[in-house]
Structure formats: structure tokens, C-alpha cells
Amino acid sequence: MKKNGALDIIFKIFSILLCIILVPTLIITVIVGTVSNVVKPETLVKVVKTVDVQQIITETPDISQALEEAKIAPEVIEQVLESNVVEQVVSSYAEDLSNYLLTGESSFSAEQIKNILNENKDEVKSVLSAVAPEDVTVEEIEAELDTFINEQIGPMINEVLPKPQEVIQDIPEDVKEVIKVFNSGIVTKICIGACLVLFALILLLRLREYSFLIWYSVVSIITGVFIASIYSGFAMVPSMLPSELPVPLETVQSIISVLTQNMLISFIVLFVLAAICMAGFFLISKYKNKKEQTKEEVSEA
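Residues numbered from 1 in each chain as written. Predicted model: local features only at pLDDT ≥ 70, side-chain atom pairs only at ≥ 80, totals over all residues. Heavy atoms only, no water.

### Brief notes about the layout of surface pockets
Next, step 1: Put simply, the second largest pocket is a space of about 360 Å³.
Next, step 2: L26, T29, V30, S266 and V269 are the residues nearest the centre of the second largest pocket, which is lined by 13 residues in total.
Next, step 3: Breaking the lining of the second largest pocket down by element, the ones donating at least two residues are α1 (2-38), α13 (186-205) and α15 (249-300).
Next, step 4: A class-by-class count of the residues in the lining of the second largest pocket yields 8 nonpolar, 5 polar and no charged. (1 Å grid on protein atoms, 1.4 Å probe; cavity = no way out; pocket = protein on both sides within 12 Å on 5 of 7 lines; lining within 4 Å. Points joined across faces, edges and corners; volume = space filled by probe spheres on them. Helix = DSSP H or I, 4+ residues; strand = E, 2+ residues; numbered from the N terminus. Nonpolar A, V, L, I, M, F, W, Y, C, P; charged D, E, K, R; others polar.)

This is the structure:
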């Protein structure tokens with residue numbers, strides 16, 4: 001009995017140590033997973049698309065002056081920028097930027113722009129009609145539409161848009177490498193593997209009486225509290241930002257939104273796991289107690 005009691009104490013001490021290690025490991029896994037989600041191509045595309053193109057046009061003297069000389073009203077510019085064809089071009093450009101950042105390869109070209117424009121000829125015609133001088137008729141635009149798209153608009157847009165190399169040249173090489181590592185998912189897999197090993201060891205040490213379920217619940221609750229604190233910190237960031245930033249505020253808010261969303265999901269998952277483990281432990285305990293009572297009643301009879 002003493003031997004078993006001493007062994008149980010040793011197992012309990014090791015279980016406590018494993019739980020102490022597991023809590024920060026889970027927190028790191030959640031943070032790594034969240035950052036990995038931020039640097040995914042689809043997330044980077046969303047971030048790039050948050051850039052206010054109209055504001056850039058307004059703040060660029062050459063472009064704004066050319067639009068004034070052409071007597072194009074601001075509401076017409078807004079209508080053009082909100083069109084589906086412009087959104088497709090921006091999305092394609094943003095996707096190429098993220099791809100270049102992660103792989104060093106760029107495929108965005110005038111040919112790709114022309115393909116998008118040719119697939120949306122009706123909308124291109126509508127956009128051209130809105131910005132064309134008053135003496136240019138719709139019939140003239142229709143007659144010259146293919147020429148406009150393939151020889152003028154497509155090449156012009158490709159020339160105006162900055163190349164991916166120019167956009168990300170100010171990002172330090174170390175940051176680029178970190179982004180690539182996180183995007184590869186290697187760090188996330190290592191963290192998840194470490195968590196699974198720790199969970200398995202606790203399971204082996206506390207398998208008796210299914211007490212590992214209670215230990216899992218405690219670990220999940222403690223980790224959830226820490227994640228909730230981190231979530232609250234991220235949620236407060238937008239209100240603490242200065243009015244002037246080197247990047248658009250919408251871009252920062254988009255990144256923070258992804259971070260907080262992932263933190264919130266992790267928090268919910270952890271507390272659901274804790275509730276399931278706790279409920280499972282009490283149900284198993286209740287079933288075992290009932291079974292023992294039935295045995296006692298049968299033996300007494």
C-alpha cells in the first residue's frame with residue numbers, strides 16, 4: 001500500500017509538472033497558429049484590399065491633377081473604384097503581391113489584366129462611358145472597346161501599378177523569412193505535436209479513475225483565461241493607435257481583426273473542451289458509483 005501510495009504521489013508530481021509545461025505550450029500554439037493564419041495568402045489578399053485606393057489617388061498629385069483636367073467628378077471615380085472589374089484587378093494584384101512575398105515569384109502582367117477586362121466587357125464599357133468626355137458616344141466606345149482594353153487600358157494599368165519588388169522592398173529580410181516559416185506551417189505542427197505528447201503523458205499518468213479528464217479541464221480553463229487576456233489586449237489596440245500611421249489604419253484593423261477572431265475561436269474551443277472533459281468525468285464517476293451500489297445490493301441479497 002505504501003509503495004502504491006508513494007508511486008501515486010510521484011505520478012501526481014509529474015502530472016503537475018506536465019500541466020505547468022502544457023499551459024504555456026498551448027498558449028504558444030494558439031499564438032503561432034494565429035500568426036500563421038495572418039500570413040496565409042488569402043489573409044494577405046484581404047489586408048492589401050483594405051488599402052483605400054481613392055485616398056491614394058487623392059494624395060497623388062499627378063493622378064489627381066490628370067483627373068481634374070479630364071473633368072471627372074469625384075462621385076464618378078468612386079463609382080469606378082467600387083465596380084466589380086476594379087475589385088477583380090485589385091484582388092489579382094493583391095494575390096500576386098502575397099505570392100511574391102512568400103515565394104519570390106510574380107505572375108501579374110498586362111496579359112492577366114487584359115483577360116480580366118475582356119471577361120467583364122459590359123462593365124468596362126460602363127466605366128468608360130462614365131469617365132469619357134461628353135463628345136464621345138457609347139457607340140464609339142463599343143467600336144473601339146477591344147482596342148481600348150488590349151492596347152491602352154491593360155498595359156496602362158500594368159505600368160501604373162507598382163511592381164511587387166517595389167512594394168515589399170522595405171520589409172526586412174528577417175521579417176520575410178519569419179513570414180515564410182510561419183506560412184509553411186512547420187512551427188504550428190511542432191507546437192501541436194508537443195501538445196499532443198504532453199496530453200498523452202498526462203493520460204498515461206492519470207488514467208486511473210479517469211482523473212486525466214479533470215486535469216485536462218484545469219489546463220484548458222487556465223489556458224483559456226490567458227488567451228482571453230491576450231484577446232482583450234489585441235481588442236484594445238485600435239483605440240490606442242495614433243492618428244498618423246505609416247500604413248493605412250484599415251490595414252492595421254484588418255490584421256488585428258484576424259488576430260482577435262482566431263484568439264476568440266481558441267478561447268471558445270478551450271472552454272468547450274474543459275466542459276466536455278468535466279462532464280465526462282462526472283458522468284463516468286456517477287456510472288461507476290451506481291454500478292458499485294448495484295453490486296453491493298446484489299451481494300447483500
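Next, the rest of the story.
### Remarks on the side chain of S15
Next, step 1: The residue S15 is located in helix α1 in this model.
Next, step 2: A distance of 2.7 Å separates the side chain of S15 from the backbone oxygen of F11, its partner in a polar contact.
Next, step 3: Residues in contact with S15, not counting those within four places in the same chain, are L205, R206 and W215. (Polar contact = N/O pair within 3.5 Å; in protein donor to acceptor, adjacent residues only side chain to side chain. Contact = heavy atoms within 4.5 Å.)

### Considerations on the confidence of the model for the chain
Next, step 1: Mean pLDDT over the chain: 77, with 74% of residues reaching 70 or higher.
Next, step 2: Looking at the elements of the chain, mean pLDDT is at its lowest for helix α4 (residues 61-69), recorded as 57, and at its highest for α13, recorded as 91. (pLDDT = per-residue confidence, 0-100.)

### Comments concerning the packing of helix α6 (residues 84-103) against helix α7 (residues 110-119)
Next, step 1: Two elements in contact, α6 and α7, have axes separated by 10 Å at closest approach and are oriented at 150°. In terms of axis orientation, α6 runs roughly antiparallel to α7. Two packed elements cross with a definite hand, and for α6 against α7 that hand is right-handed. Across the interface between the two elements, V85, Q88, V89 and S92 from α6 touch Q112, I116 and L117 from α7.
Next, step 2: Taken together, the residues of the contact of α6 with α7 break down into 4 nonpolar, 3 polar and no charged. (Axes fitted to C-alpha atoms, helices over the stretch in contact; angles between N-to-C directions. Parallel < 35°, antiparallel > 145°, perpendicular 65-115°, else oblique. Left-handed = near helix turned anticlockwise from the far one by under 90°.)

### Points about the nonpolar core
A general trend in soluble globular proteins is that nonpolar side chains are found buried together.
Next, step 1: L22, L26, I202, Y216, V219 and I227 are the most contacted members of the largest nonpolar core, which has 21 residues in total.
Next, step 2: Secondary-structure elements contributing two or more residues to this core are α1, α13, α14 (212-240) and α15.
Next, step 3: The leading source of residues in this core is α1, at 7 residues.
Next, step 4: When neighbours within four sequence positions are excluded, V219 is seen to be in contact with C19, L22, V23 and L26.
Next, step 5: Residues V89, Y93, L97 and L117 belong to the second largest nonpolar core, which totals 13 residues. (Core = buried A, V, L, I, M, F, W, Y, C linked by side-chain atoms within 4.5 Å. Buried < 20%, exposed > 50% of the residue type's maximum accessible area, 1.4 Å probe, protein only.)

### Concerning a nonpolar patch on the surface
Next, step 1: Residues L7, I9, I10, F11, I13, F14, I16, L17 and I20 make up a contiguous nonpolar surface patch of about 820 Å² in total accessible area.
Next, step 2: Structurally, L7 can be placed in helix α1. (Patch = residues over 30% accessible without salt bridge, like charges linked within 9 Å, V, L, I, M, F, W, Y side chains within 5 Å. Areas by Shrake-Rupley, 256 points an atom, 1.4 Å probe, with all protein chains shown as cover. Salt bridge = Lys/Arg side-chain N within 4 Å of Asp/Glu carboxyl O.)

### Remarks on the side chain of N262
Next, step 1: Looking at the secondary structure, you find N262 in helix α15.
Next, step 2: Overall, N262 belongs to the buried group, its relative accessible area being 17%.
Next, step 3: Dropping the residues within four chain positions of it, N262 is found in contact with T34 and N37.

### Let's talk about the pattern of salt bridges
Next, step 1: Within this structure, the stated rule accounts for 1 salt bridge.
Next, step 2: In this structure, K114 and E111 form a salt bridge, with 3.5 Å as the shortest nitrogen-oxygen distance. Placement of both K114 and E111 in helix α7 is noted, with a separation of 3 residues, approximately one turn of the helix.
Next, step 3: When its relative accessible area of 15% is taken as the criterion, K114 is described as buried.

### What to know about the state of the cysteines
Next, step 1: This model, assessed by the stated rule, comprises 0 disulfides.
Next, step 2: Between C195, a free cysteine, and C191, which holds the nearest cysteine sulfur, the sulfur-to-sulfur gap is 6.9 Å.
Next, step 3: According to the relative accessible area criterion, C195 is buried, its value standing at 6%. (Disulfide = S-S within 2.5 Å.)

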